[in-house]
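Spelled out from the first residue to the last, the chains are:
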Amino acid sequence: PPAWPARRPASLPGGPAGGRDRRPRRRPPAAWVPPGRARAAPRPPSAGNRRLRVLVAVAGVLGVALTAYLLGPFKGGGGTVQGGASPSPSATRWAAYPAGWRPWRTTVYADAAQGVRKSGAPDMRGYGSGPHPTCVPGGASFYCAGQNALPIRVDAATGRTLWRAAARPEKTPLDRYGAQVLGVRDGVLLVRETVGNAAGDDETITVSGLAADSGRRLWSRQVSNQWTATALVGGLVLVPDGSGITARSPRDGAARWSVTLPSGYNCSYVLDGDRAFVDCLDHHTPSGAQRRLFALDPADGGLRRLGSAPSVVAAYAGVLDGRLVFVERRSSDPNTEDNPFDRVVLIDPAGGRARTVELAQQQDGDVGLGQGVLCFVTSNGRLAAFSPLTGKPLWSTATTLEQPGRPTYDGHRSLFVASASGRVAALDTRAGTLLWESYPRAGRVNSMSGPLADPVPHRGALLVAAPDGTLVTLDPAHPERKPVSG
């Protein structure tokens, strides 16, 4: 009989192939042979025909693989949730989540009957970390806190609240309380708590250790310098103390060492694994604003000033090959309007030398660095990536997200940005391909709700904390899956 076309799949990844009917065609029956007559044996194919068939088969397999790659989870149109097919899991793209996990949704706020307000528009006085929750992963749990919200422990697999700490001081109204989670060490959850006075013009800050398994308060220390940040460095928590910082044990708050910081400076920390750096700014010196960078030895608190520091208007982006990466603005005057970023500064902590790289295009927005890609995110939802080593543009991609925050990288060639409504966009880090955008997961909030908490990749899932108190997890391989209530 004549040769029939090889069977084709009903559809290719990413949607129907060409929009035509791809149902397999039936092979016709073998030619009828009268009874008593033998069918002629088929002639064996020649060596040339065999080679041709092998080449055709190989070409077909490669063609299907290439088509699947182009139309599968790497193509933005095929992965968009609104009206498109969801991307399929890939060992090289999405990490596997634990068995029993499901997308869930909950809130940092308890029921109104318990004296804790329901989710809604945040109080703009900003007690705590700002008008949004903060969450950190710890084993099989998330630990979260926020403005007017007590610290909680949430099961990472189901979203069920395991405990809610009674952390605020007695007789303190919840609308004057806020908390920020710092991390979990040695079975202790470290939180930074803020309590405002009745007039709303002053506040008291403490650093506390809560038992991670129960939320029971273990210790507290009042912060005497609110302009210096609090952070976990190695196995210690750094607490602002007068003119410097004191390193304390997470278990009982006992002091390990203290160090004095430059007077009049506001200091924060740059962390890179076991390395820690202190970034200090002073906007009120007689000679103008100044910035200093120090390498901090977590073992004994030793400070070593680096020979170079960026301008006071530079933003920290991340670490690349051991070097601290900042992006500087066109003008070093902090009062200058319309002041975009126009260069990259790479500082080598070992020798303190700085290298400056001009950006090929000036940029605005939030910035992040991951997997060797420097990414700027603007308020209109556009992302632009540059090489931090050459300043050359790598890609530019538009999303439909409203006022997204900084990018988060997952270690699988993907980055995520989230908006105040809980929408998330996923992009390929190297190519900038839009992989998908998710539906809103939170209520609409005021555009002045402040900066967003970064999305948190954990155990193959993605946690988003919205300003209205909503906590929601997504399956990056199937972002269209609806979350269940935790």
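Residues numbered from 1 in each chain as written. Predicted model: local features only at pLDDT ≥ 70, side-chain atom pairs only at ≥ 80, totals over all residues. Heavy atoms only, no water.

> Which parts of the structure should I look at to understand the side chain of Thr-228?
Within the fold, Thr-228 resides in the loop between strand E9 (217-222) and strand E10 (231-233). Beyond its immediate stretch of four places on either side in the chain, Thr-228 contacts Pro-240, Ile-245, Leu-261, Cys-267 and Tyr-269. (Helix = DSSP H or I, 4+ residues; strand = E, 2+ residues; numbered from the N terminus. Contact = heavy atoms within 4.5 Å.)

> Hey, could you run me through the state of the cysteines in this one?
Within the structure shown, the criterion is met by two disulfides. With its sulfur 2.1 Å from that of its partner, Cys-267 forms a disulfide with Cys-280. Measuring handedness by torsion sign, the sulfur bridge of Cys-267 and Cys-280 sits at about 110° and is right-handed. Pair noted here: Cys-267 is in strand E14 (residues 266-272) and Cys-280 is in strand E15 (residues 275-282), with a separation of 13 residues, a long-range link. Across the pair, exposure class does not vary: Cys-267 and Cys-280 are buried alike. Taking only the cysteines that form disulfides and numbering them from first to last, the protein chain has the pattern 1-2, 3-4. (Disulfide = S-S within 2.5 Å. Buried < 20%, exposed > 50% of the residue type's maximum accessible area, 1.4 Å probe, protein only.)

> When you look at the environment of Asp-321 in this model, what are you seeing that I'm missing?
With respect to the element layout, Asp-321 can be found in the loop between strand E18 (315-320) and strand E19 (323-329). Residue classification places Asp-321 among the exposed positions, given a relative accessible area of 66%. Considering only alpha carbons, one finds Asp-321 and Asp-348, 27 residues apart in sequence, at a separation of 9.3 Å.

> Help me understand the packing of aromatic side chains, please; the structure alone is not making it clear to me.
The geometry of two aromatic rings is summed up by the distance between their centres and the angle between their planes. Counted according to the given criterion, the structure contains nine aromatic pairs. When the ring of Trp-94 is compared with that of Phe-416, the centres are 6.3 Å apart and the planes differ by 35°; the resulting orientation is tilted. Of this pair, Trp-94 sits in the loop between helix H2 (76-79) and strand E1 (104-107) while Phe-416 sits in strand E27 (residues 414-418), placing them 322 residues apart in sequence. Here Trp-94 and Phe-416 have matching classes, each one buried. Among the aromatic residues, those joined into a cluster by ring pairs are Trp-94, Phe-416 and Trp-436. One cation-aromatic arrangement involves Arg-93 over Trp-94; the distance from NZ or CZ to the ring centre is 5.9 Å. Directly above the aromatic system of Phe-341 lies the positively charged group of Arg-329, at a separation of 4.0 Å from the ring centroid. (Phe/Tyr/Trp six-rings, centres within 6.5 Å; stacked < 30°, edge-to-face > 60°. Lys NZ or Arg CZ within 6 Å of the ring centre and 35° of its normal.)

> What is the right way to read the pattern of salt bridges from this model?
Opposite charge on two side chains permits them to pair, given that their charged atoms come into close proximity. Going through the model one piece at a time under the given rule, you end up with twelve salt bridges. Note that Arg-406 and Asp-454 form a salt bridge whose closest N and O atoms lie 2.5 Å from each other. Of this pair, Arg-406 sits in the loop between strand E25 (393-398) and strand E26 (408-409) while Asp-454 sits in the loop between strand E29 (434-437) and strand E30 (456-458), and the two are 48 residues apart along the sequence. Of the charged contacts in the structure, one is a salt bridge between Asp-475 and Arg-481, with a shortest N-O distance of 3.3 Å. Its relative accessible area of 30% is what places Arg-481 among the partly exposed residues. (Salt bridge = Lys/Arg side-chain N within 4 Å of Asp/Glu carboxyl O.)

> So what exactly am I meant to see when it comes to the environment of Ser-414 here?
Here Ser-414 lies in strand E27. Residue class for Ser-414 comes out buried when judged on its relative accessible area of 0%. Ser-414 sits 62 residues away from Pro-476 along the chain, and the two C-alpha atoms are 9.9 Å apart. Ignoring anything within four residues of it in the chain, the contact list for Ser-414 reads Arg-93, Trp-94, Gln-371, Thr-408, Tyr-409, Leu-427, Thr-429 and Leu-435.

> Help me understand unusual backbone geometry, please; the structure alone is not making it clear to me.
Note: most residues except glycine have negative phi, and most peptide bonds are trans. Look at Asp-186: it is not a glycine, yet its phi comes out positive at around 50°. Positionally, Asp-186 belongs in the loop between strand E6 (177-185) and strand E7 (188-196). Of note, the phi angle at Arg-459 is positive, near 55°, even though the residue is not glycine. Turning to its location among the elements, Arg-459 is positioned in the loop between E30 and strand E31 (461-465).

> Please clarify how the side chain of His-458 should be interpreted in this entry.
Following the sequence through the fold, His-458 ends up in strand E30. With residues near it in sequence (within four places) discarded, His-458 still touches Pro-137, Gly-139, Ser-141, Phe-142 and Ala-156.

> It is not clear to me how the sheet that holds strand E22 (residues 366-370) should be interpreted in this structure. Could you clarify?
Sheets are built from strands paired through backbone hydrogen bonds, the pairs being either parallel or antiparallel. An order of E22-E23-E24-E25 is seen for the four strands of this open sheet, with the pairing classed as antiparallel. Two strands in the sheet have a free side with no partner beyond their single neighbour: E22 and E25. Neighbour-to-neighbour, the strand axes of the sheet open up by a mean angle of 20°, direction not taken into account. The sheet contact formed by E22 and strand E23 (residues 373-377) spans five bridges and is antiparallel. When the bridges of E23 are listed, Asp-366 appears paired with Val-377. (Pairing = 2+ DSSP bridges. Axes fitted to C-alpha atoms, helices over the stretch in contact; angles between N-to-C directions.)

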